[in-house]
Amino acid sequence: MPLLPVMYRAATAFAGNEPDARDLVQTVYLKALERFDRFENGTNCKGWMMQIMRNTWIDQLRRRRTAGPQVSLEADLLPAPDDRPDEVDLRELLEQFSDSAIIRVLQELPDSQRMALYLTDVEGLDQNEVAAILDIAVGTVKSRVSRARSVLREKLQAHARDMGFVGRRS
């Protein structure tokens, strides 16, 4: 179980929420135990586990897409006209930014970009390992990571300026 924290972080990046991440990790460990006889000693166990996670996540997404979204019969799908938030001043909005803004923007990325970025920048895997895990070409890893970083840069520029990471404009 030494990879459990790494697997949980990766599952959270895939799923975007804790309950689904916990379920995903549990499923991955179950599949890994069932298929342990296929693991080749001396190879990258972390990469093997990440590949199982990726395939499991794709299977789950396919099932969800087939089943369609689940909506409660009691759910109020549209807000009442008086429940809509008032317009917010941009300055007030910037003052409310926190690290949750970064997490939200990461979750808005397409799954393919988010996973490539997560595996390279958070887990520190090299692009060849990421390509093997995601079953794509190295050039595709490079372009996905580049596009993901561009989106993050664009969407978080105001947040970065507010946090003092980039110069303030007058």
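For the structure, check the block above.
This structure is a prediction, so every number in the text was calculated from the model and none was measured.

Enquirer: Would you mind going over helix 8 (residues 138–155) in detail, with residue names and values included?
Expert: Look at helix 8: 26 Å from first C-alpha to last across 18 residues, which is about the 26 Å you get at 1.5 Å a residue. Along helix 8, the residues that are buried comprise Val141, Val145, Ala148 and Leu152. Down the axis of helix 8, the smallest arc covering the buried residues is 65°, so these residues share one side. Among the exposed residues of helix 8, those oriented more than 90 degrees off its buried face are Arg153 and Glu154.

Enquirer: Outline helix 1 (residues 4–15), listing residues and values.
Expert: Taking 1.5 Å per residue as the helical rise, helix 1 with its twelve residues ought to reach 16 Å, and the 16 Å between its terminal C-alpha atoms agrees with that figure. For helix 1, every residue scored as buried is listed here: Val6, Met7, Ala10, Ala11, Ala13, Phe14 and Ala15. In the stretch just after helix 1, Gly16 is the one whose phi turns positive, near 85°.

Enquirer: Quick rundown of the packing of aromatic side chains? Include the residues and the values.
Expert: Taken as a whole and judged by the stated rule, the model has four aromatic pairs. Summarising the aromatic geometry, the rings of Phe36 and Phe39 are spaced 5.9 Å apart at their centres and angled 20° between planes, so their arrangement reads as stacked. Summarising the aromatic geometry, the rings of Phe36 and Trp48 are spaced 6.4 Å apart at their centres and angled 70° between planes, so their arrangement reads as edge-to-face. In this pair, Phe36 sits in the loop between helix 2 (18–34) and helix 3 (45–67) while Trp48 sits in helix 3, placing the two residues twelve residues apart along the sequence. In this structure Trp48 comes out as buried when scored by relative accessible area, which is 17%. An aromatic cluster of three or more residues is present, and its members are Phe36, Phe39 and Trp48.

Enquirer: How would you sum up the side chain of Arg54? Please name residues and give values.
Expert: In this fold, Arg54 is placed in helix 3. No salt bridge forms around the buried Arg54; measuring N to O, its nearest opposite-charge neighbour Asp135 is 4.7 Å away.

Enquirer: Please provide a residue-by-residue account of the pattern of salt bridges, values included.
Expert: With the rule as written, the count across this model stands at four salt bridges. In this structure, the salt-bridge partner of Glu108 is Lys155, at a minimum N-O distance of 3.0 Å. Residue Glu108 is located in helix 5 (residues 99–108), and its partner Lys155 is located in helix 8; the two are separated by 47 residues in the primary sequence. Relative accessible area serves as the criterion here: at 46%, Glu108 is assigned to the partly exposed category. Look at Lys155 and you get partly exposed, because its relative accessible area is 42%. Between Asp121 and Arg149 there is a salt bridge; the shortest N-O distance is 2.5 Å. Taken together, the positions of Asp121 in helix 6 (residues 111–122) and Arg149 in helix 8 put the pair 28 residues apart, joining distant regions of the chain. With a relative accessible area of 37%, Arg149 lands in the partly exposed category.

Enquirer: Just give me the short version of the packing of helix 1 against helix 2, but keep the residues and values in it.
Expert: When two helices pack together, their arrangement is given by the angle between their axes and by how far apart the axes lie. Running from N to C, helix 1 and helix 2 cross one another at 125°; their axes reach a closest spacing of 8 Å. The angle between the axes of helix 1 and helix 2 places the two elements in the oblique class. Where helix 1 crosses over helix 2, the handedness of that crossing is right-handed. Facing Leu4, Met7, Tyr8, Ala11, Thr12, Phe14 and Ala15 of helix 1, the residues of helix 2 in contact are Glu18, Asp20, Ala21, Arg22, Leu24, Val25, Val28 and Tyr29. Considering only residue class, the contact of helix 1 with helix 2 consists of eleven nonpolar, one polar and three charged.

Rules and cut-offs
Residues numbered from 1 in each chain as written. Predicted model: local features only at pLDDT ≥ 70, side-chain atom pairs only at ≥ 80, totals over all residues. Heavy atoms only, no water. Helix = DSSP H or I, 4+ residues; strand = E, 2+ residues; numbered from the N terminus. Expected span 1.5 Å × (residues − 1). Buried < 20%, exposed > 50% of the residue type's maximum accessible area, 1.4 Å probe, protein only. Arc of directions from axis to C-beta. Phe/Tyr/Trp six-rings, centres within 6.5 Å; stacked < 30°, edge-to-face > 60°. Lys, Arg positive; Asp, Glu negative; His and termini not counted. Salt bridge = Lys/Arg side-chain N within 4 Å of Asp/Glu carboxyl O. Axes fitted to C-alpha atoms, helices over the stretch in contact; angles between N-to-C directions. Parallel < 35°, antiparallel > 145°, perpendicular 65-115°, else oblique. Left-handed = near helix turned anticlockwise from the far one by under 90°. Contact = heavy atoms within 4.5 Å. Nonpolar A, V, L, I, M, F, W, Y, C, P; charged D, E, K, R; others polar.

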